[in-house]
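Here are the chains, one letter per residue:
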Amino acid sequence: MNEALEILKQYWGYNCFRGVQEDIIKSILDGKDTLGLMPTGGGKSITFQVPAMMMQGTCVVITPLVALMKDQVINLKRRGIKAAAVHSGLNREEIITVLENAIFGAVKILYISPERLTSELFRKKLSHITVSFVTVDEAHCISQWGYDFRPAYLKIADIRALLPNKPILALTATATPLVVKDIQQKLLFRQEKVFKMSFERKNLAYCIRHVHDKYGEMTHILQCTKGCSIVYVRSRMRAKEIAQILNEQDIKATYYHAGLEDSEKDKRQKQWLNDEYRVMVATNAFGMGIDKPDVRTVIHVDCPDCIENYFQEAGRGGRDGLPSYAILLYNSSDDTKLIKRIQDNFPEKSYIRKVYEDLACFYQVAVGSGYNETHEFDMGKFCVFFHHFPIQLTSALHILTRAGYIEYIEEGMCNDRVQFLLTRDQLYMLNETSAQEEKVFVALLRCYSGLFSDYVNIELSLLSESTGLTRQQIYLTLQVLDKKRILHYIPAKNIPYIRYTQNREESEHITIGKEVYDDRKKAYSERIKDIIRYANNTTTCRSRLLLYYFGESKTKACGICDTCRTIKKKQIREAKEAITAVLKDKGQIPIQSLNQIKMPSDIVDKALQMMMEEGTLYQKDNCITQ
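All figures in this text were calculated on a predicted structure; none of them were measured in a lab.

Burial along strand 1 (residues 34–37) is two-sided: Thr34 and Gly36 facing one way and Leu35 and Leu37 facing the other are all buried. Pairing analysis gives 3 bridges linking strand 1 to strand 7 (residues 194–196), with the strands arranged parallel. Pairing of leucine 37 across the sheet is with lysine 196, part of strand 7.

Right under this line is the structure:
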């Protein structure tokens, strides 16, 4: 493993591996299928990036997060590592270029989405790529017993027929014992091989605050604590609303959700990372791939619908090892809201068939036709036209996707695109352009070809590196050039799509099977009950409850969560009463006499110290007196 350590130090600047990183790397180098369970912030990416640099060929990384794969490619290139990504934001020519670069050995780490595995073009090119091993990130998505099942992940096992002797590395931050077993079965592991870091976070205090006024309690917590924070909510509107409330209380906050433009997301994320804002109010769209070590508090105003989500989001606090708090604000209405989510996520089957029929009407798709047709999906227009509510509609579309009738692509990424409206000669004759505009011109022409004949997908991050300007400056400059009619700039946006994966059926013939609906509804209901039990628990250490959920049974009470502190207060109160009882009818007693109290010595000592500080006991010559 000396070579691995040298690579780690050369490219990442670390002198040693953490946790199970070294074990996972060694297992992959030995050619074994491997599952790595590492908590959020545990350094998952190192486990495939280091062996990728050691082995001949290209490591193929399958991940569902387009934004994360883009960020990782940029970061790897900055370290001098040849990396690339194939995603929906690229056109066919760009995809072919990336894959051919991989064939000729110019890519060490290739990121793809799971949907790409079904592409005939990708499968043909893959057969010519020298693959070192395959990494499956967010591997819990392959398990229908996990909290984030994605049908496209089931196609990953098909890659084994194309790469029969290549090991698979599966990575996830959250998996129950049932999901761990299921991941290995679904990926056709040749033998079970699991390396797991303990999910225990000794510096992170998990707390539940049962309060009526959540906003007031949230503000109070932030006013009484120092350091940066994340406040999680479930809706985009609440994210904006709470950020405004905090700013009115002189707590500098911004907000983040999936509906923001990419440039705006990047700007706000960077401002928070640089401590320009103390609080980030966000939906669960925020946090993946964010490694800010000094988050002191993570506050959930709305309760997540499963322990996995809560644990992952709460785990973004205190990665620097210093004391931090994960606080869930809860009240009596939350039980009802959580139970309602079961119906929202699993509407009646008759409703799902109605949605399927309305889609066909919306797109004018006749029975027996429509196979492989793709349509942009305007949810707002669809809801108004057919009187649907977005939450239940979205759930119905996901269920129809799992049933195999359609594919609902919730966020089909459309990249920033540019086409010059002037000829190259006219461009060079321009006199009234700023130095900043000149920089953008030069960077565009240096980084991309075909700009004068067609629209070309561009990366603002790449232009930022080339010019030294920020992404926001590039964005604004392109907007100005568009207004000047020098070029046409189409900013990136997320467009939902509906694709028919088979010809349209009569709605009464739509089959929504047990494994697609009933089994998953039951599993989801159990997760809802688990988070309700967790939130209402008042007797067991919260850290122990969470660790037990993920299969860790040999744990100790953390001593810092709200239940541990409550239990300790009760024990101290009982110890005070016991000390008082021992002293009863006696003027004074030797301190050693307190050994007869059948309670933990540290509790008795604490009670004694508190009583002396309160002035109810006094110590003299190794004796105590009232």
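Turning next to unusual backbone geometry. Within the chain, aspartate 250 stands out as a residue other than glycine whose phi angle is a positive 65°. Tracing the sequence through the fold places aspartate 250 in the loop between helix 10 (236–248) and strand 10 (253–256). In this structure, arginine 485 is a non-glycine residue whose phi angle is positive, near 65°. Looking at the element boundaries, arginine 485 is found in the loop between helix 20 (471–483) and strand 18 (487–490). For arginine 485, a relative accessible area of 53% gives the class exposed.

What tends to happen in soluble globular proteins is that the nonpolar side chains get buried as a cluster. Counting 88 residues, the largest nonpolar core has Leu359 and Phe377 as its most contacted members. Top element by residues in this core is helix 21 (residues 514–536). It accounts for 8 residues. Excluding residues that lie within four positions of it along the chain, phenylalanine 377 makes contacts with Leu359, Tyr363, Phe382, Leu393, Leu397, Tyr408, Pro496, Tyr497 and Ile498. Among the nonpolar cores identified, the runner-up in size contains 33 residues, and Val50, Met54, Phe133 and Leu171 belong to it.

Right, let's get into helix 3 (residues 46–54). Note on helix geometry: an α-helix contains 3.6 residues per turn, so any two residues three or four positions apart are oriented the same way. Among the 9 residues that make up helix 3, 9 are buried, leaving the element largely enclosed by the rest of the structure. When we look at burial in helix 3, the residues that qualify are Ile46, Thr47, Phe48, Gln49, Val50, Pro51, Ala52, Met53 and Met54.

Right, let's talk about the sheet that holds strand 12 (residues 295–300) for a bit. The strand order across the open sheet built from 6 strands is 8-13-12-9-11-10, with neighbouring strands paired in parallel fashion. For this open sheet the edge positions go to strand 8 (204–210) and strand 10, each flanked by a neighbour on one side alone. Sheet twist, expressed as the average angle between the axes of neighbouring strands with direction ignored, equals 20°. Where strand 8 lies against strand 13 (residues 324–330), 7 bridges are found, and the strand directions are parallel. The residue bridging cysteine 207 from the neighbouring strand is isoleucine 327, located in strand 13. Seen against the sheet, helix 10 touches strand 10 and strand 11 (279–282) and runs at an angle of roughly 175° to strand 10. Across the sheet, helix 21 touches strand 8 and strand 13, and the angle it forms with strand 8 is around 90°.

To continue, consider the confidence of the model for the protein chain. Chain-level pLDDT for the protein chain is 90 on average; 98% of the residues reach the 70-or-more range. The element-level mean pLDDT for the protein chain is lowest in strand 15 (residues 406–414), coming to 74, with strand 12 highest at 98.

Below, the discussion takes up the sheet that holds strand 16 (residues 416–420). The strand order 17-16-18 describes an open sheet built from 3 strands, whose pairing is antiparallel. Every interior strand has two partners, whereas the edge strands, strand 17 (456–458) and strand 18, have only one. Strand-to-strand twist across the sheet, computed as the mean angle between neighbouring axes with direction ignored, equals 30°. As judged from the 4 bridges shared by strand 16 and strand 18, these two strands associate in the antiparallel manner. Each residue of the ladder has a partner; that of glutamine 419, found in strand 18, is histidine 488. Its contacts with the sheet put helix 20 on strand 16, strand 17 and strand 18, and the angle it makes with strand 18 is roughly 130°.

Okay, the pattern of salt bridges next. Under the criterion given, the structure shown has 28 salt bridges. Of the charged contacts, one joins arginine 471 and aspartate 266 as a salt bridge, the two residues approaching to 2.5 Å between their closest N and O atoms. Note that arginine 471 is positioned in helix 20 and aspartate 266 in helix 11 (residues 262–273), a separation of 205 residues in sequence. Glutamate 526 is the partner of lysine 529 in a salt bridge, and the nearest nitrogen-oxygen pair spans 3.8 Å.

Time to look at the packing of helix 12 (residues 307–314) against helix 21. Relative to each other, helix 12 and helix 21 sit at 55°, their axes nearing to 9 Å. On the basis of their axis angle, the class for helix 12 and helix 21 is oblique. Contact residues: Ile307, Glu308 and Tyr310 in helix 12; Arg527, Asp530, Ile531 and Tyr534 in helix 21. Residues that form the contact of helix 12 with helix 21 fall into these classes: 4 nonpolar, no polar and 3 charged.

Counted under the stated rule, the structure contains 24 aromatic pairs. Between phenylalanine 199 and phenylalanine 550, the aromatic rings sit 5.4 Å apart at their centres with planes inclined by 80°, giving edge-to-face as the arrangement. Residue phenylalanine 199 is located in the loop between strand 7 and strand 8, and its partner phenylalanine 550 is located in the loop between helix 22 (542–549) and helix 23 (562–583); the two are separated by 351 residues in the primary sequence. A centroid spacing of 5.0 Å and a plane angle of 45° characterise the contact between phenylalanine 311 and phenylalanine 550, whose relative ring orientation is tilted. With phenylalanine 311 in helix 12 and phenylalanine 550 in the loop between helix 22 and helix 23, this residue pair connects regions lying 239 residues apart in the sequence. Like phenylalanine 311, the residue phenylalanine 550 is buried in the burial classification. Within the aromatic cluster, the residues linked to one another by ring pairs are Phe362, Tyr363, Phe377, Phe382, Phe385, Phe386 and Tyr408. Here the basic side chain of lysine 292 rests over the ring of tryptophan 272, its NZ or CZ set 5.6 Å away from the ring centre. The cationic tip of arginine 542 hangs over the ring face of tyrosine 534; the distance from NZ or CZ to the ring centre is 5.3 Å.

Attention shifts here to the packing of helix 2 (residues 21–29) against helix 3. Look at helix 2 against helix 3: their axes get within 9 Å of each other, and the N-to-C directions meet at 40°. Between helix 2 and helix 3, the angle is such that the two are oblique. Helix 3 is crossed by helix 2, and the crossing has right-handed handedness. When helix 2 is examined against helix 3, the residues Gln21, Ile24, Ile25, Ile28 and Leu29 are found in contact with a partner set consisting of Ile46, Thr47, Val50, Pro51 and Met54. Split into classes, the residues belonging to the contact of helix 2 with helix 3 amount to 8 nonpolar, 2 polar and no charged.

Reading the values: the criteria
Along each chain, residues carry numbers from 1 onward, in the same order as the chain's sequence is written. Residues qualify for local features only when their pLDDT is at least 70, as the model is predicted, and side-chain atom pairs are given and counted only at 80 or more; totals for whole chains, interfaces and linings, by contrast, use all residues. The side-chain figures draw on all heavy atoms in the structure; neither hydrogens nor water molecules are used. Buried, partly exposed and exposed residues are distinguished by accessible area as a fraction of the type maximum, computed with a 1.4 Å probe on protein chains only: under 20%, between the cut-offs, and over 50%, respectively. The helix and strand labels rest on DSSP assignments: H or I over at least four residues marks a helix, E over at least two residues marks a strand, and numbering proceeds from the N terminus. Criterion used throughout: strands pair if DSSP finds at least two bridges between them. Residues belong to one nonpolar core when they are buried, are Ala, Val, Leu, Ile, Met, Phe, Trp, Tyr or Cys, and are joined through side-chain atoms within 4.5 Å. Here a residue-residue contact requires only that any non-hydrogen atoms of the pair lie within 4.5 Å. Simply put, an axis is a line fit to the C-alpha atoms, just over the touching stretch for a helix, and the angle between two N-to-C directions goes from 0 to 180 degrees. Residue-level confidence of the predictor is what pLDDT reports, using numbers from 0 through 100. Within this document, salt bridges are pairs made up of a side-chain nitrogen of Lys or Arg and a carboxyl oxygen of Asp or Glu, the two lying within 4 Å of each other. Geometric relationships in this document are graded by angle, where less than 35 degrees denotes roughly parallel, more than 145 denotes roughly antiparallel, 65 to 115 denotes roughly perpendicular, and other angles denote oblique. Classification convention: Asp, Glu, Lys, Arg as charged; Ala, Val, Leu, Ile, Met, Phe, Trp, Tyr, Cys, Pro as nonpolar; all other residues, Gly among them, as polar. The aromatic pairing rule takes the rings of Phe, Tyr and Trp, using the six-membered ring of Trp, and pairs them if the centres are within 6.5 Å, calling planes under 30 degrees apart stacked, those over 60 edge-to-face and the rest tilted. Only lysine NZ and arginine CZ atoms are considered, and such an atom sits over a ring when it is within 6 Å of the ring centre and within 35 degrees of the ring normal. Left-handed is the label given to a crossing in which the near helix is rotated counterclockwise from the far helix by less than a right angle, and right-handed is the label when the rotation is clockwise.

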